[in-house]
Amino acid sequence: MRPPRLAPLLSIALGLAACVDRPWHGIVLDPATPAPPLVAAGTAEAPASRFTLASARGSRVLVYFGYTHCPDVCPTTLADWARARRALGADTLGVRWVFVSVDPTRDTPADAAAYARQFHPSFEGTALTDAELAPVLRDWSIAAYPEGDPRTPDYTVAHPAHSFVVDAEGRLRLMIPPGVPGDSIAEDLRRLR
Amino acid sequence: MIPSRKIFAVCASGFTMVGCGGGAEVAPAADARVADDGSSIESVVTVSVRDAWARPADSGATSAAYLVLANRGTTADTVVGVVAEAAESAMVHQTMQHEGTMHMSALPALPVPAGDEVSLAPLGTHVMLLRLRRPLRVGDTVAFGLLLASGDTLAVSAVTRAP
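Residues numbered from 1 in each chain as written. Chains lettered and ligands numbered in written order. Predicted model: local features only at pLDDT ≥ 70, side-chain atom pairs only at ≥ 80, totals over all residues. Heavy atoms only, no water.

Our focus in this paragraph is the layout of surface pockets. There is about 550 Å³ of room inside the largest pocket. Around the largest pocket sit 28 residues that line it, and A:Y115, A:Q118, A:F119, B:P56 and B:A57 are the ones nearest its centre. Secondary structure elements with two or more residues in the lining of the largest pocket: α2 (73–88) and α3 (109–117) of chain A together with β4 (63–71) of chain B. It is α2(A) that provides the largest number of residues to the lining of the largest pocket, a total of 5 residues. Its residues assigned to classes, the lining of the largest pocket comprises 16 nonpolar, 6 polar and 6 charged. (1 Å grid on protein atoms, 1.4 Å probe; cavity = no way out; pocket = protein on both sides within 12 Å on 5 of 7 lines; lining within 4 Å. Points joined across faces, edges and corners; volume = space filled by probe spheres on them. Helix = DSSP H or I, 4+ residues; strand = E, 2+ residues; numbered from the N terminus. Nonpolar A, V, L, I, M, F, W, Y, C, P; charged D, E, K, R; others polar.)

Structural data, given as structure tokens:
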């Protein structure tokens, strides 16, 4: 006699229970609203090679606003992303990981891309220009500004604490606070499928 | 800027570094001074460092180092500066979150209370290594000194590891 095939049912039941009972690790944005653009696609400042949210439709996108001279919180967050990516395994297909520099004085898109790739080769990076920064900060309701004298090399940049998660339909769904472990980020991303 | 004689004095006082798997350990910064009758004639400052590690970074870029300070003595001490050959500038920094925005600021004085430990950890207090003179790759060691208000310098050897 065949043993009863409980395992698949059990895992489905546990999965459903997880969906119902377990809180999100990130902060749920409800109602979900369309994510504002990161840069105006098609303008001189946004050549085809630059990341745009419009071009990422169909993928879940993690967005983090930081700067490449950031030694503590940005690397901590991107390292947690890398752990989340590992935890997702094959589910990482359909997720894009994007580091956006809000330090136009020091960072080029290439700098931001190189910085992001240190954490995983699939991570993308872009940098906002001076002209792009103000509308992005306004539309995303976030703050970023130099602290210290930006004419000196060692100024720091105040920047958003959270990672943002945009779903495949281009809606802002979650804000993930700094320090949320990679496994937890992965759980939230799975639930957003 | 630290006078070189201070570094020399620290080295000459039997300062030893012992490498270990997760970081590095350093001997206490000061020796006990004991009177003839065996009583301590001066408060013993014994701040030590363990579990020091640094983030990888390119030459010219910024790294952060983390560690645990332990003060086994009876007198509080304070970290008042950092000296690092590997970087053009170095200081203790603190990350703070305020209304959804992350800020960093220099911490000119980091108290290390007597009989207590102070942890420098991600998303909190860290040693900033600014404009690195050489790249820090995983497995590399970076040395720096923590200047204490007591006048001693704690030598730290931090292992670079993937964050």
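Turning our attention to the environment of B:L107. Residues and elements named next belong to chain B. Mapped onto the elements, L107 comes out in the loop between β7 (101–106) and β8 (110–112). Distance in space between the C-alpha atoms of L107 and D152 is 18 Å, their sequence separation being 45 residues. Among all residues touching L107, those that are not within four sequence positions of it are V92, H93, Q94 and T125. (Contact = heavy atoms within 4.5 Å.)

When a protein is soluble and globular, its nonpolar side chains tend to lie buried together. By size, the foremost hydrophobic cluster in this structure holds 58 residues, and its most contacted members are A:F65, A:W97 and A:W140. Excluding its chain neighbours within four sequence positions, the residues that come into contact with A:F65 are A:L38, A:V100, A:V102, A:V136, A:W140, A:I142, A:H159, A:P160 and A:F164. Counting 31 residues, the second-largest nonpolar core is a separate cluster that includes B:V47, B:A87, B:L129 and B:V156. (Core = buried A, V, L, I, M, F, W, Y, C linked by side-chain atoms within 4.5 Å. Buried < 20%, exposed > 50% of the residue type's maximum accessible area, 1.4 Å probe, protein only.)

Moving on: the state of the cysteines. Residues and elements named next belong to chain A. For the coordinates displayed, the defined rule picks out 1 disulfide over all chains. Bridging C70 to C74, the disulfide has an S-S length of 2.3 Å. Taking the sign of the S-S torsion, about 100 degrees here, the bridge from C70 to C74 comes out right-handed. C74 gets classed as buried once you look at its relative accessible area, which sits at 0%. (Disulfide = S-S within 2.5 Å.)

A separate point is the packing of α2(A) against helix α5 (residues 182–191) of chain A. Residue and element names in this part refer to chain A. Interhelical geometry of α2 versus α5 gives an angle of 55 degrees and a closest axis separation of 7 Å. Between α2 and α5, the angle falls in the class oblique. With respect to the hand of their crossing, α2 and α5 are arranged in right-handed fashion. Together, D80, W81, R83, A84, A87 and L88 of α2 and G182, D183, I185, A186, L189 and R190 of α5 make up the contact between the two elements. (Axes fitted to C-alpha atoms, helices over the stretch in contact; angles between N-to-C directions. Parallel < 35°, antiparallel > 145°, perpendicular 65-115°, else oblique. Left-handed = near helix turned anticlockwise from the far one by under 90°.)

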